[in-house]
Amino acid sequence: MAAMFFVVTMTLYFAATVSFLAYLLWPSEVLSNVSLGMTATGFASHTIALGAGMIGVTDVSTPGFHQALSFFSWVLILVFLAVEFRHRLHVLGSFIVPLALVSLVSAAALPETAPTLTPVFRTLWVHVTLSMLGTVGFAIAFVAGLMYLIQDGLLKSKRFNVLYSKLPALDYLDHLNQQSIVTGFPLLTLGIITGALSAEFSRGSYLNWNPEQTWALVTWVFYFVVLMGRLTVGWRAKRAAYLTIIGFAGVILTLIGVVLKSHGPVS
Amino acid sequence: MHIVVVGLSHKTAPIEIREKLAVPESRMGEALTRLCSYQGVREGILLSTCNRVEVYAVVDEIESGYGRIQDFLADAHLSLSSEQLTPHLYWHEGDRAISHLFRVASSLDSMIVGESQILGQIKEAFEVALTHKATGIILNKVVKKAISVAKRVRTETKIAEMAVSVSYAAVELAKKIFSDLSQKTVLLVGAGEMAKLAARHFIANGVRHVRVTTRNPQHALELADRFSGTAVAFEEFLEDMASADIVLVSTGAAHYLVSEDDVQRSVKQRMNRPMFLIDISVPRNIDPAVRHVDNAFLFDIDDLKTRVEQNRGERLNEAEKAERMVVDEVGIVRQWLQSLEVTPTIVALRARVDDIKQAELDKTLGRLANLSALERELVEAMASSIVNKLIHNTMVTLKAEVNSSEGAAFVEAARRFFSLGDPAVCNVNESASSSSGTCHSSQADLREVGEVTPRTGSKMPDH
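Residues numbered from 1 in each chain as written. Chains lettered and ligands numbered in written order. Predicted model: local features only at pLDDT ≥ 70, side-chain atom pairs only at ≥ 80, totals over all residues.

1. Remarks on the overall build of chain B
Broken down by element type, chain B carries 19 helices and 10 strands. Within the span of chain B, comprising 463 residues, buried residues form 42% of the whole. (Helix = DSSP H or I, 4+ residues; strand = E, 2+ residues; numbered from the N terminus. Buried ≥ 20, exposed ≤ 12 C-beta atoms within 10 Å, placed from the backbone.)

2. Remarks on the packing of helix H6 (residues 117–131) of chain B against helix H7 (residues 137–156) of chain B
Packed helices, taken two at a time, are described by the angle their axes make and the gap between the axes. Residues and elements named next belong to chain B. Contact geometry for H6 and H7: axes closest at 11 Å, N-to-C directions at 160 degrees. Considering their axes alone, H6 and H7 lie roughly antiparallel with respect to each other. Here H6 runs over H7; the crossing is left-handed. Across the interface between the two elements, Leu-119, Ile-122, Lys-123 and Phe-126 of H6 pack against Val-143, Ala-146, Ile-147 and Ala-150 of H7. (Axes fitted to C-alpha atoms, helices over the stretch in contact; angles between N-to-C directions. Parallel < 35°, antiparallel > 145°, perpendicular 65-115°, else oblique. Left-handed = near helix turned anticlockwise from the far one by under 90°. Contact = placed C-beta atoms within 7 Å.)

3. Notes on the sheet that holds strand S3 (residues 52–59) of chain B
Residues and elements named next belong to chain B. In spatial order, the strands read S2-S3-S1-S4; together these four strands make up an open sheet with antiparallel pairing. The strands lining the two open edges of the sheet, one partner per strand, are strand S2 (41–48) and strand S4 (90–93). Strand-to-strand twist across the sheet, computed as the mean angle between neighbouring axes with direction ignored, equals 15 degrees. By the bridge criterion, seven bridges tie S2 to S3 in an arrangement that is antiparallel. In the sheet register, Val-41 faces S3, and the bridge partner there is Val-59. Helix-sheet contacts for helix H3 (residues 62–75) involve strand S1 (2–9), S2, S3 and S4, and the interaxial angle to S1 is about 35 degrees. Running at roughly 50 degrees to S1, helix H5 (residues 94–105) makes contact with S1, S3 and S4 of the sheet. (Pairing = 2+ DSSP bridges.)

4. Here's the deal with the pairing of strand S9 (residues 275–279) of chain B
Residue and element names in this part refer to chain B. The buried fraction of S9 is high, at five of five residues. Of the two faces of S9, the one lined by Met-275, Leu-277 and Asp-279 and the one lined by Phe-276 and Ile-278 are each fully buried. Of the strand pairs in this sheet, strand S8 (residues 246–249) and S9 are connected by four bridges, and their pairing is parallel. Counted as the bridge partner of Ile-246 is Phe-276 from S9. As for the winding sense of the linkage, the β-α-β connection from S8 through helix H12 (residues 260–269) to S9 is right-handed. As judged from the five bridges shared by S9 and strand S10 (residues 296–300), these two strands associate in the parallel manner. Paired with Asp-279 across the two strands is Asp-300, which belongs to S10. (Right-handed = clockwise from strand over helix to strand, strands pointing away.)

5. A closer look at the sheet that holds strand S6 (residues 209–213) of chain B
The strand order across the open sheet built from six strands is S7-S6-S5-S8-S9-S10 (chain B), with neighbouring strands paired in parallel fashion. On the outer flanks of this sheet lie strand S7 (230–231) and S10 of chain B, each paired with one strand and no other.

6. Regarding unusual backbone geometry
Positive phi, normally seen in glycine, also occurs at A:Ala237, with a value near 55 degrees. By secondary structure assignment, the location of A:Ala237 is in helix H9 (residues 237–263). Its 24 C-beta neighbours within 10 Å are what place A:Ala237 among the buried residues. For B:Ser419, which is not glycine, the phi torsion reads 50 degrees and is therefore positive.

7. Some points on H3(B)
Residues and elements named next belong to chain B. Counted at 1.5 Å a residue, the expected span for H3 with its 14 residues is 20 Å, and the 20 Å between its end C-alpha atoms agrees. Turning to H3, its buried residues number three or more, namely Gly-65, Tyr-66, Arg-68, Ile-69, Phe-72 and Leu-73. Down the axis of H3, the buried set is contained in an arc of 165 degrees. They therefore lie on one face. (Expected span 1.5 Å × (residues − 1). Arc of directions from axis to C-beta.)

8. Observations regarding the environment of A:Leu170
Take A:Leu170: it is sitting in helix H7 (residues 170–203). A residue is classified by how many C-beta atoms lie within 10 Å of it, and A:Leu170, with 24 of them, is buried. Separated by 68 residues in the primary sequence, A:Leu170 and A:Lys238 place their C-alpha atoms 9.4 Å from one another. Non-local contacts of A:Leu170, meaning those with residues more than four positions away in its chain, are made with A:Tyr148, A:Gln151, A:Asp152, B:Lys176, B:Ile177 and B:Pro274.

What follows is the structure in structure tokens.
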């Protein structure tokens, strides 16, 4: 049943992505409701799929990247729907829903059963959940940064097109960027700590400087600097937008590296 | 008699020159008296605003008239010679002078096309001229017409909407930079009409903090008071700029007041918080290179107008429509002016009475069918004699007054007493209904002018 709902979700997200992208170029507001309807339905279906998947989970099951990415996509849409509900910011869907779709498709490409790391404790679930929540924060910051740069460019070049009219105010996007990092960063920090604990239990050392751990730490330091820079020396607006885009690219690379190492030819 | 205009405006002279020539309201009467004391200047009106100084006059001869007015302007300021003024002046006569006045009144010649302040300024100038009996029948008519043309332009085109829409566009752009305007500060630099209008729009949209700076500290205090804001010393506004999220600049300065470095420094002080700069000045007061500063968004009046056009989604150029109206209205005034020429009036008068005489004779002689040829001749001679005697004095007076300052008033009076109307139009008035509209409107205008006529002319100095 989970698999069926998973496919339904993917189909709906795909349709919503197409519709949301068309919405960006179309002056009419009608498409936003259609897209929003499909996204909400897809989200419900995704929730059922995740719920059905959870039934079979036992203490000894290990969370794989399939589950992690699927969960990432679910939280992403949850956050989008929450922001949409509060601020009526349809255009956010045009950026987040495609990202959620990509994440879900990546999840589908990976086997549902994870390669077993021995021995595995419940902390791994906590580690994956927290890391993914932190990553959602960075993803939202990335989307806000991207929208910021687009709006900034449109204002600077004085191209008042459909996209300009649909994108929100710059300071709103900058604020969204800041909030996402402020929320995501502590979650990632906890994720790294629990990850280190898991590693201690499974491998006997908190940190063994393997590439994914190194990258995770580099990412952490990077976002720490970004956050401090904003709070102390005014790294906001355009600079913050650039930095969060670069940061998220780093996160994605880390994930790809980890996934390839676990499943692919690297290991 | 010729209508002329000699003057300078923001298009031809820098503010330094305009400032020197500007006549303060308190000395307006004295200036008008001086203007009318020049030989050959019959009527005069002086328009002095921060963007233009213009003299409209009715003169005997165009060339000498130009010279007199130029001398008059140069006399206004000791440090300026008549020759120094020449490169900044424009001279128009006849239709072009009327057309110029209509364009100025309709705000087509303004820095911000469509702003309404100029019409009020023209009305004030006209009031002052009336008070000092400086205008006569011609300028009264022409200025009144200019005011009505300006009103027509405002009601029949969207040109006035443009000025309001520019403010609206500025607010709308600001909302794409700042989501909540209520926490933002507006700094108003200069007291241009458009900037004030824009400031009012910002306040209406929630802005609570207004800072004002103008060259004249007193003026800044008054404005700050009006906007419940704070006045800032003009010399310090560049340092103060960092405290402003929205900077509205509209001064008459001919150079850049705000440089790229100034804005760069402000943005840095603001820790990269975005700044929205609006330059409503012509010429520009903010260096366009500010566009290259990150997190600073500069828009000038053309950008705002572009936005307005897009908002409206309308291709029709409102200013062009207004220009066409001006041309139409100049045509109407030209016809009226022609009607003030003595010779055509005498001809028209002659034709008119002859028509009446002939009609009456035909009627009477038709009833007296059995008259002899001699008797008919006697009746006709009597009719001619009555008519000639009745109009004799009118004819003589018109010819005698042709060159006096009251000539136009006499012609006007004769035309009205004998219902002569416009020479060019009224011949076709009875036969062609299509042109009757034009005739009616000019008749109505004549009546309008008539109300002013009695108090004018007679006391004009005429040397």
